[in-house]
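Below, each chain spelled out in residue letters.
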Amino acid sequence: MLKADIAWGDLSQNPEWKHGVIALGRSQIAPFQHAALETLVVQTQERWFAVVRERVAGAAVSENASFQNVDSERFDELYRACLLWPLDYVMVEVAKQGRRVKLRAGMLGAAPVYCRATDEQVRVSWDFADFLSDRLPIDFEAASCSLGLEQVYSSRQICIGVYLLTERATLYLEPGRAHYRYPSPFEVPAAPAMECADAVSMFDQLLRRVIAKRPAAPGRIAVELSGGMDSAAVACALADLHGPVASRGILVGGECRVPQVERRRQIADRLRLSDETVDIDAIPPSLDLSPDGHKAYVNTEYYLEAFETLWSTARAQGRDLMYTGLGGDELFMGTGVVAEDNVAGGRSIGDPQRFARQLLTPRALSALRSLHAFDAPAGPVPSVMASVSKAHHLMQHGMWPINPLSDPDLMVFCYQLPLELRRRRTTMQLYLDARLGEDVFPRNYAKETFAQVFPELIARHRTALAGQLRECALADLGLVDQRAALALLDTVATTKAVAPTSPLINFLWTERFARQLT
């Protein structure tokens, strides 16, 4: 939501709005410039705070930043209102005495920020790449967990000294000191009794209410429509509230393609969506390990090239609000339901984590097994990891991500449903049956999946990848056994199986990231 470079010495200055940024001497705080966001700066004697937050529908619209000089009582009142803001936000709070800074995050984690403090300054950014010019060392333990497919939602990141401001978290900073505080674990209230018809009606009302929280003109809206239930539910609610909107999607290959194309056509026709697609086979992911001037990330969208094509065309048409189905899987966690973006249709020859651990050196494996305590506590939005991997890419294209199925009120409602209404996504299934017709998502329908994209791609590029892996940055760091990495590459290229592909792709993306640091 914002970027900031704040020198400790500038904290004695009063904030000013200059050319779209909050200036403090030579320091500045730059809110992400988007019509979906607003900035508020409130100052009283010796204290001030700045908050960048999502706009709420029905509220007065301000052009840029709103500056207010107030007494201490009004300051506290506005401060409390910001902490209770119903949508997402990031707040920077400053106490001039002692040169203290406090960073706070809202509960949605829609566009999280990273932070690094040194003896000279504090840097904050929604784009992790802004910290890479410092050539920071890799955190061995965090990297071991990531390579072992034990990724956790945590303040601790793959580079030493860079912290993620997780949802509802607070980071206290002053020269020479830093203290990170996680929020209390989120607990779901007791579940009320619920009949099937009531559950579907309430799901419909809640989803509409979530969509209606944010101001949005139909011409600015695009929805990622995969052809699955999650994105279809979001599209239904958008069409109900805003009429026909634009939809964008990536077409998969293989056996899934025909049913995906037909299902997307049915949804688009019945909701009168303006639909456009790209073909994953025409715009496949790049497997080139050379940094080549492009930003490489660990937490990233694997099919970025295809998605960027969709986002670029949508943005060129004036559509800068991207609605997604992220959070749908988490609405019905713990019911034995296979995730919508699962590996159905792909061949599996074992457990992905088993293959991942075979990559690790004894030292990395020891770190993986001994470190289990730096993840954030359970929050109201368990889909935040997906936001971490995607939001910054959308923002680089001038778009704002909105994930309605990650709304806490909707999450709590679905957690409270009786098991029979959660199992196999029954409530969502019945909602879609009523909205689209029972023929669109029949029971046990063939789900779309990207599962075979990478195995086929790796098989074609096996020789080139093996050549690039003659040098391995992660092996030089003592994290990965180079021979094991080449053996895993051969396994995937030969078998085209799904289970070993996931750890291999995770390794390749981490290797690409490590190379840009050296």
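Refer to the preceding data block for the structure.
A brief look at the structure comes next.

Cut-offs used in this document
Residues numbered from 1 in each chain as written. Predicted model: local features only at pLDDT ≥ 70, side-chain atom pairs only at ≥ 80, totals over all residues. Heavy atoms only, no water. Salt bridge = Lys/Arg side-chain N within 4 Å of Asp/Glu carboxyl O. Helix = DSSP H or I, 4+ residues; strand = E, 2+ residues; numbered from the N terminus. Buried < 20%, exposed > 50% of the residue type's maximum accessible area, 1.4 Å probe, protein only. Pairing = 2+ DSSP bridges. Axes fitted to C-alpha atoms, helices over the stretch in contact; angles between N-to-C directions. Contact = heavy atoms within 4.5 Å. 1 Å grid on protein atoms, 1.4 Å probe; cavity = no way out; pocket = protein on both sides within 12 Å on 5 of 7 lines; lining within 4 Å. Points joined across faces, edges and corners; volume = space filled by probe spheres on them. Nonpolar A, V, L, I, M, F, W, Y, C, P; charged D, E, K, R; others polar. Core = buried A, V, L, I, M, F, W, Y, C linked by side-chain atoms within 4.5 Å. Phe/Tyr/Trp six-rings, centres within 6.5 Å; stacked < 30°, edge-to-face > 60°. Lys NZ or Arg CZ within 6 Å of the ring centre and 35° of its normal.

## Quick word on the pattern of salt bridges
Then, in step 1: Counted by the stated rule, this structure contains 35 salt bridges.
Then, in step 2: Here R53 ties to E38 by a salt bridge, and the two come within 2.8 Å at their closest N and O atoms. On the criterion of sequence distance, the pair formed by R53 in strand β6 (residues 47–54) and E38 in strand β5 (residues 37–44) is long-range, its members being 15 residues apart.
Then, in step 3: A salt bridge links E54 to R214, with the shortest nitrogen-to-oxygen separation between them at 2.8 Å. Here the residue E54 occupies a position in strand β6, and R214 occupies one in the loop between α3 (196–212) and β15 (221–224), the gap between them amounting to 160 residues.
Then, in step 4: A relative accessible area of 10% places R214 in the buried class.
Then, in step 5: Here the salt bridges share partners, and the residues they tie into one network are D204, R208, D240 and R435.

## Let's talk about the sheet that holds strand β18 (residues 321–323)
Then, in step 1: Taken together, 5 strands build an open sheet; the order of strands is β17-β16-β15-β18-β19 and the sheet is parallel. The sheet is open, and its two borders are formed by β17 (274–279) and β19 (400–402), each paired with just one other strand. The mean angle between the axes of side-by-side strands here comes to 25°, regardless of whether they run parallel or antiparallel.
Then, in step 2: Where strand β16 (residues 246–251) lies against β17, 6 bridges are found, and the strand directions are parallel. The partner of G249 across the bridge, within β17, is T277.
Then, in step 3: Across the sheet, helix α5 (residues 257–271) lies against β16 and β17, angled at about 175° from β16, the strand it touches most.

## Looking at empty space enclosed by the protein
The method is simple in principle: a probe with the dimensions of a water molecule rolls over the atoms, and the space it marks as empty is what remains.
Then, in step 1: Counted under the stated rule, the structure contains 7 cavities of 30 Å³ or more.
Then, in step 2: Its volume calculated, the largest cavity comes out at about 320 Å³.
Then, in step 3: Taken together, 22 residues form the lining of the largest cavity, with R156, Q157, I158, V298 and N299 sitting closest to its centre.
Then, in step 4: Elements that contribute at least two residues to the lining of the largest cavity include exactly α2 (140–147) and α10 (384–396).
Then, in step 5: Of the residues contributing to the lining of the largest cavity, the split by class is 14 nonpolar, 6 polar and 2 charged.
Then, in step 6: Quantified by volume, the second largest cavity comes out at close to 90 Å³.
Then, in step 7: What lines the second largest cavity is E54, L108, A110, V210, R214, S387, P401, I402, N403, P404, S406 and D407.
Then, in step 8: Of the residues in the lining of the second largest cavity, the class split is 6 nonpolar, 3 polar and 3 charged.

## Focus: the nonpolar core
Then, in step 1: Counting 79 residues, the largest nonpolar core has Y323, W400 and L432 as the members making the most contacts within it.
Then, in step 2: With 9 residues, helix α4 (residues 229–242) is the largest single contributor of residues to this core.
Then, in step 3: In contact with Y323, not counting residues within four places along its chain, are I211, A216, I221, A222, V223, E224, V234, L238, I402 and P404.

## Structural notes on the packing of aromatic side chains
Then, in step 1: Applying the stated rule across the entire model yields 17 aromatic pairs.
Then, in step 2: Ring centres 5.1 Å apart and planes at 80° place the aromatic pair Y114 and F128 in the edge-to-face group. Here the residue Y114 occupies a position in strand β10 (residues 114–117), and F128 occupies one in the loop between β11 (121–125) and α2, the gap between them amounting to 14 residues. The pair formed by Y114 and F128 is uniform in burial state, with each residue classed as buried.
Then, in step 3: Ring pairing ties together the aromatic residues Y302, Y303, F450, F454 and W509, which thus form one cluster.
Then, in step 4: A cation over an aromatic ring shows up here: R363 above the ring of F140, its NZ or CZ 3.7 Å from the ring centre.
Then, in step 5: Here the guanidinium or amino end of K447 rests over the ring plane of Y445, the centre of that ring lying 4.9 Å away.

## With respect to the sheet that holds strand β7 (residues 65–69)
Then, in step 1: Strand order in the open sheet made by the 7 strands is β7-β5-β6-β8-β9-β13-β14, with mixed pairing throughout. On the outer flanks of this sheet lie β7 and β14 (177–181), each paired with one strand and no other. The average angle at which neighbouring strand axes cross in this sheet is 10°, direction not considered.
Then, in step 2: In this fold helix α1 (residues 72–83) packs onto β5, β6, β7, β8 (89–95) and β9 (100–105), with an angle of close to 30° to the strand it touches most, β6.

## Observations concerning the side chain of N403
Then, in step 1: In this fold, N403 is placed in the loop between β19 and α11 (408–416).
Then, in step 2: When its relative accessible area of 11% is taken as the criterion, N403 is described as buried.
Then, in step 3: Beyond its immediate chain neighbours, meaning those up to four positions away, N403 contacts T324, L326 and S387.

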